[in-house]
Amino acid sequence: MLASAAERTVPLARQFTLTRTLRAPRPLVFRAFVEPERMKFWWAPQGFRMLSCALDLREGGAWRMRIQSEETGAVQTEVGTYREIREPERLVFTHAWVRSNGTLTLPTVVTVTFTEQDGMTDVAFTQADFATQEACRSHEDGWSSSLAQLTDYAPRL
């Protein structure tokens, strides 16, 4: 029996959203997402450290970061392109990993919104368009760890 049109449709894109309230004003929290000297304190998940970060902070500009596992020493490179920069309220960029053979994983789209309230900043971090649920879960775990570090770092911004 042939599959119906409904059975042949592609499943909805896989995504997650994480939210955090940070004890810092919105302009400083936004800068923590776009200034390497601030990003090094939180961007990589716990157990990793940033080795290098290059940003061309303009719509259409590329970014590239290398992180290293403190446990194994393995180095990973992540790259992307800025799609939207509305300082200090919104940041949209693509994200992909560079494989050992130099090719890229399928890019995902990250959207970060910043809302200030009473001197605090609510951050909503969404990453979408994952190829698999496993990749989505892995990124959600990694970003959850990174955002926990940002939450701890925020009062020092």
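Every chain is numbered independently, its residues counted from 1 as its sequence is written. With pLDDT at 70 or above as the cut-off, local features in this predicted model cover only qualifying residues; side-chain atom pairs require 80 or more to be listed or tallied, and sums for whole chains, interfaces and linings still use all residues. With hydrogens and water excluded, all non-hydrogen atoms of the structure serve as input to the side-chain values.

One can find T81 in strand 4 (residues 75–86). Exposure classes here rest on a 1.4 Å probe applied to the protein chains alone. A residue is buried below 20% of its type maximum, exposed above 50%, and partly exposed in between. For T81, a relative accessible area of 31% puts it in the partly exposed group. In this structure the C-alpha to C-alpha distance between T81 and A62, which are 19 residues apart in sequence, comes to 4.3 Å. Discounting residues that sit within four places of it in the chain, T81 has contacts with G60, G61, A62, W63, V92, F93 and T94. Runs of H or I in DSSP of at least four residues are treated as helices and runs of E of at least two as strands, each being numbered from the N terminus. Residue contacts are counted whenever heavy atoms from the two residues lie within 4.5 Å of one another.

Glancing now at the nonpolar core. If you look at soluble globular proteins, the nonpolar side chains tend to sit buried side by side. In plain words, nonpolar cores are sets of buried Ala, Val, Leu, Ile, Met, Phe, Trp, Tyr and Cys residues tied together by side-chain atoms within 4.5 Å. Counting 33 residues, the largest nonpolar core has F33, W42, W43, L91 and V112 as the members making the most contacts within it. Mapped onto this core, the elements with two or more residues apiece are strand 1 (14–22), helix 2 (26–32), strand 3 (62–69), strand 5 (90–98), strand 6 (108–117), strand 7 (120–130) and helix 4 (133–153). For this core, the element with the highest residue contribution is helix 4, accounting for five residues. Residues within four places of L91 in sequence aside, it is in contact with F30, F33, V34, Y82, E84, I85, V110, T111, V112 and F114.

With that settled, consider the packing of aromatic side chains. Aromatic rings from Phe, Tyr and Trp, taking only the six-membered ring of Trp, are treated as a pair when their centres fall within 6.5 Å; an angle between ring planes under 30 degrees marks them as stacked, one over 60 as edge-to-face, and anything in between as tilted. Counted according to the given criterion, the structure contains 13 aromatic pairs. Measuring from centroid to centroid gives 6.2 Å for W43 and F93, while their planes differ by 35°, and the two rings are tilted. A residue pair is termed long-range when its members are at least 10 positions apart, and W43 in the loop between helix 3 (36–39) and strand 2 (48–55) and F93 in strand 5 qualify at 50 residues. With relative accessibility at 2%, the residue F93 sits in the buried group. Definition used: whenever NZ (Lys) or CZ (Arg) falls within 6 Å of the ring centre and also within 35 degrees of the ring normal, the charge is taken to sit over that ring. Over the ring of F41 we find R156, and its NZ or CZ is 5.9 Å from the ring centre.

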